[in-house]
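One letter stands for each residue in the lines below.
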Amino acid sequence: DIKPYAALITLLLPKQNGAEAARAVAEQGIYNGADPADLLSALGAAAFRTGHDDATAEIALNKALEYRSSFDDIVSLAEIYMREGRNGRAVLTLQQALELNPDSVRANWDLGHAHEAAYEYSGAEKAYRRALAIDPGNTEIQAYFADFERRLSVGEAALKHSPR
């Protein structure tokens, strides 16, 4: 059972030098027979949620993914890449996640943001449209997509009127 280890990891991470202590707890849990994939996933998720240690989160999630494929771990990894500005890597990682769950609003929404941040506006538009098709009543996505389209049209209009 990983619950006690996961709880301890979650408590330790926000503390000073917490990542090192949390990694030690995960290693001890694995040594004591806990499922490595679940424990590494818990470590990665906790590190990701706290936002204090993306390096620990990235390492733990990648290690967990060596044991088994997990949609949530892949999306969390992509979100780390986006936070760090590694948008091309985020796009590729989110495409992997969507192979596992093509109807995920979260993954399509994130894919749109990753494409947009990488200045790949057609990819962003396609991903946002997909997220809206899956969840047409989502007002946050509706509002963001309307603003995205407005910003694109303003940019296109500016390009038409710029001297060449």
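All of the points below concern the structure found in this document. Computed from a prediction, not measured in an experiment: that's the story for all the values here.

So, the overall build of the protein
Within the protein one finds 9 helices and 0 strands. Mapped from its N terminus to its C terminus, the protein presents α and β elements in the order α-α-α-α-α-α-α-α-α. Burial statistics for the protein: of 164 residues in total, 40% are counted as buried. Of the contacts made within the protein by residues no fewer than 6 positions apart, 46% connect residues no fewer than 24 positions apart.

Observations regarding the packing of aromatic side chains
On inspection of all chains with the given rule, the structure shows 7 aromatic pairs. Ring centres of Y119 and Y121 lie 6.4 Å apart, and the angle between their planes is 80°; on these two criteria the pair is classed as edge-to-face. Residue Y119 is classed as exposed on the basis of its relative accessible area, which comes to 66%. Taking 5.1 Å as the distance between ring centres and 75° as the angle between the ring planes, the aromatic pair formed by Y128 and F148 counts as edge-to-face. A residue pair is termed long-range when its members are at least 10 positions apart, and Y128 in helix 8 (residues 121-134) and F148 in helix 9 (residues 139-160) qualify at 20 residues. Aromatic rings pair up to connect W109, Y128, Y144, F145 and F148 into one cluster.

Let's talk about the nonpolar core
Ranked by size, the top nonpolar core spans 20 residues in total, and within it V75, L94, A107 and L111 carry the most contacts. Of all the secondary-structure elements, those providing two or more residues to this core are helix 3 (36-50), helix 4 (54-67), helix 5 (71-83), helix 6 (87-100) and helix 7 (105-117). Take this core: its biggest share by element is 7 residues, from helix 5. In this view, L111 contacts V91, L94, Q95, L98 and A127; residues no more than four positions away in its chain are not counted.

Notes on unusual backbone geometry
Phi angles above zero are rare outside glycine, and Y119 is one such case at about 65°. Its location among the elements puts Y119 in the loop between helix 7 and helix 8.

So, how was this worked out
- Residues numbered from 1 in each chain as written.
- Predicted model: local features only at pLDDT ≥ 70, side-chain atom pairs only at ≥ 80, totals over all residues.
- Heavy atoms only, no water.
- Helix = DSSP H or I, 4+ residues; strand = E, 2+ residues; numbered from the N terminus.
- Buried < 20%, exposed > 50% of the residue type's maximum accessible area, 1.4 Å probe, protein only.
- Contact = heavy atoms within 4.5 Å.
- Phe/Tyr/Trp six-rings, centres within 6.5 Å; stacked < 30°, edge-to-face > 60°.
- Core = buried A, V, L, I, M, F, W, Y, C linked by side-chain atoms within 4.5 Å.

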